Amino acid sequence: MYLSSRTIAILIALLVAGVLTTFAYVAHTLTSQQAFLAAGVTVAACFLLVYLSFEALIFREINGIYAGLEHIKRKEFKKLSNKFLFRPEPIKRVREEIIQMAERRQQELDELVRLQALRREFLADVSHELKTPLFAAQGFVHTVLDDEDDEIDLATRRKFLSKAAASLDTLDALVQDLVTIAQLEKGVVRMRRQRFDIVALVQEIFELLEQQAARRGTTLELFPPTLPADGLNVVADRNRIRQVLVNLIDNAIKYGRDQGRVVVSLVESGRSVRIAVRDDGAGIAPEHQSRIFERFYRIDKSRSRDSGGSGLGLAISKHIVEAHKSAIRVKSTVGEGTTLEFKLGRPKAT
């Protein structure tokens with residue numbers, strides 16, 4: 001049971017007064033009236049003596065400690081809780097404050113452990129991604145250089161050099177993606193917002209990815225089929241949104257079904273346009289949905305590498321969409337397909 005300082009002072013005062021008064025009354029040195037008066041004076045004197053001693057000797061030091069904690073808190077959180085500086089029961093306040101600080105430190109430690117694990121995972125992934133094309137290019141080049149007796153004909157030599165060049169191009173693209181995502185995370189990339197027709201942009205991307213879709217028998221569709229004759233204008237960085245849509249549609253083609261469909265929906269929603277890319281592939285299990293936007297995270301790593309993905313496309317897309325004050329969301333059902341969607345603002349009416 002917790003007792004306050006006032007309660008403790010009162011109990012001590014009553015105890016001392018009771019002992020002294022009882023002793024004096026039993027010794028017949030005081031009458032009943034005098035004993036009662038002496039008890040009252042003793043209680044008041046003991047209470048003031050004990051309570052003020054607590055306040056002067058102990059609580060003053062504890063209040064100094066609490067003021068130091070408040071100073072530390074101001075440095076950490078840039079807030080000052082003046083209304084709590086002179087509350088009673090400083091021991092209880094210090095205890096609560098220490099517990100809260102310990103809980104915050106434990107949360108920070110847990111977060112550091114989690115970030116450390118993510119850092120190790122990231123370093124392992126990026127080292128693998130860098131060494132794969134690097135070793136491939138190195139192998140082809142050394143094969144050509146080690147051919148001292150001209151055993152390799154010109155056509156084979158050109159083939160090896162072409163494969164080395166392709167591996168180096170892959171390495172260059174990966175490095176560029178790493179630079180891009182680092183700049184996006186730091187916020188140094190500025191979005192050049194302009195008004196443009198999102199319908200025309202989607203049709204342009206369809207033409208770009210048409211051959212890739214044809215190789216898998218995938219049909220690229222725009223929904224709804226009938227859109228405004230003058231297009232559907234949005235305000236955003238056209239080049240960056242193009243990068244996002246290329247990533248999303250490219251992934252939908254890769255992970256959709258053979259002979260399947262990829263549907264891009266453009267739906268007006270108030271002062272914005274909702275853009276959704278839907279495939280009819282295997283879908284994403286719920287435990288993976290919250291992680292697909294992490295760098296290098298893959299559900300099926302072997303298939304992703306065979307398909308040529310670096311694992312950075314969705315992470316870059318997420319940062320670009322968030323830089324437009326929006327959010328990219330995933331809706332997926334295993335065995336039915338996946339939908340990734342985000343919103344872009346429309347131009348203000350003139």
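Scroll up to find the structure.
The structure contained in this document is the topic of the report that follows. What you are looking at is a predicted structure, and each value in this text was computed from that prediction instead of being measured.

Overview of the overall build of the chain
For the chain, the count of helices and strands is 10 helices and 7 strands. Of all intrachain contacts in the chain linking residues separated by at least 6 positions in sequence, the fraction that spans at least 24 positions is 73%. Accessible area of the chain: about 22000 Å², with a carbon and sulfur share of 58%.

Things to note about a nonpolar patch on the surface
Judged by side-chain polarity, Ile10, Leu11 and Leu14 come together as a nonpolar surface patch covering roughly 270 Å² of accessible area. Its place among the elements puts Leu14 in helix α1 (residues 5-26). With relative accessibility at 47%, the residue Leu14 sits in the partly exposed group.

Considerations on the side chain of Ser332
Mapped onto the elements, Ser332 comes out in strand β6 (residues 329-333). The exposure class of Ser332 is buried, given its relative accessible area of 16%. Polar contacts involving the side chain of Ser332 include one to the main-chain amide nitrogen of Ile284, which spans 2.6 Å. Looking at Ser332, its side chain comes within polar contact range of the side chain of Thr338, at 2.9 Å. Ignoring any residue separated from it by four or fewer positions in sequence, one finds Ser332 in contact with Gly283, Ile284, Gln289, Gly337 and Thr338.

Thoughts on the packing of helix α5 (residues 198-208) against helix α7 (residues 238-255)
Between α5 and α7, whose axes approach to 10 Å, the crossing angle comes to 50°. When the axes of α5 and α7 are compared, the pair comes out oblique. Both α5 and α7 take part in a crossing whose hand is right-handed. Contact with α5, carried on its side by Ile198, Leu201, Val202, Glu204, Ile205, Phe206 and Leu208, involves Arg238, Ile241, Arg242, Leu245, Val246 and Ile249 of α7 and no other residues of that element. For the contact of α5 with α7, the class distribution of residues is 10 nonpolar, no polar and 3 charged.

Focus on the packing of α7 against helix α10 (residues 313-323)
Between α7 and α10, the least distance of the axes is 9 Å, while the angle of their chain directions is 145°. Both α7 and α10 take part in a crossing whose hand is left-handed. Between α7 and α10, the contacting residues are Arg240, Gln243, Val244, Asn247, Leu248 and Asn251 on the first element and Gly313, Leu314, Ile316, Ser317, Ile320 and Val321 on the second. The residue makeup of the contact of α7 with α10, split by class, is 6 nonpolar, 5 polar and 1 charged.

Quick look at the environment of Ile152
Following the sequence through the fold, Ile152 ends up in the loop between α3 (90-145) and α4 (154-186). We classify Ile152 as buried; its relative accessible area is 19%. Apart from the residues lying within four places of it in its own chain, the contact partners of Ile152 are Thr143, Asp147, Arg157 and Phe160.

A word on the pattern of salt bridges
Oppositely charged side chains can form a pair if their charged atoms are brought close together. Under the counting rule described, the total for this entry stands at 12 salt bridges. Between Glu108 and Arg105 there is a salt bridge, with its nearest N and O atoms 3.6 Å apart. You can see Glu108 and its partner Arg105 sitting in helix α3, 3 residues apart, about one turn around the helix. For the salt bridge of Glu322 with Lys318, the shortest nitrogen-to-oxygen distance reads 3.0 Å. Highlighted residues: Glu322 and Lys318, both in helix α10, separated by 4 residues, approximately one helical turn. Exposure remark for Lys318: the relative accessible area of 26% places this residue in the partly exposed category. Members of the salt-bridge network, linked through shared partners, are Glu204, Arg238 and Arg242.

Rules of the game
Residues numbered from 1 in each chain as written. Predicted model: local features only at pLDDT ≥ 70, side-chain atom pairs only at ≥ 80, totals over all residues. Heavy atoms only, no water. Helix = DSSP H or I, 4+ residues; strand = E, 2+ residues; numbered from the N terminus. Contact = heavy atoms within 4.5 Å. Areas by Shrake-Rupley, 256 points an atom, 1.4 Å probe, with all protein chains shown as cover. Patch = residues over 30% accessible without salt bridge, like charges linked within 9 Å, V, L, I, M, F, W, Y side chains within 5 Å. Salt bridge = Lys/Arg side-chain N within 4 Å of Asp/Glu carboxyl O. Buried < 20%, exposed > 50% of the residue type's maximum accessible area, 1.4 Å probe, protein only. Polar contact = N/O pair within 3.5 Å; in protein donor to acceptor, adjacent residues only side chain to side chain. Axes fitted to C-alpha atoms, helices over the stretch in contact; angles between N-to-C directions. Parallel < 35°, antiparallel > 145°, perpendicular 65-115°, else oblique. Left-handed = near helix turned anticlockwise from the far one by under 90°. Nonpolar A, V, L, I, M, F, W, Y, C, P; charged D, E, K, R; others polar.

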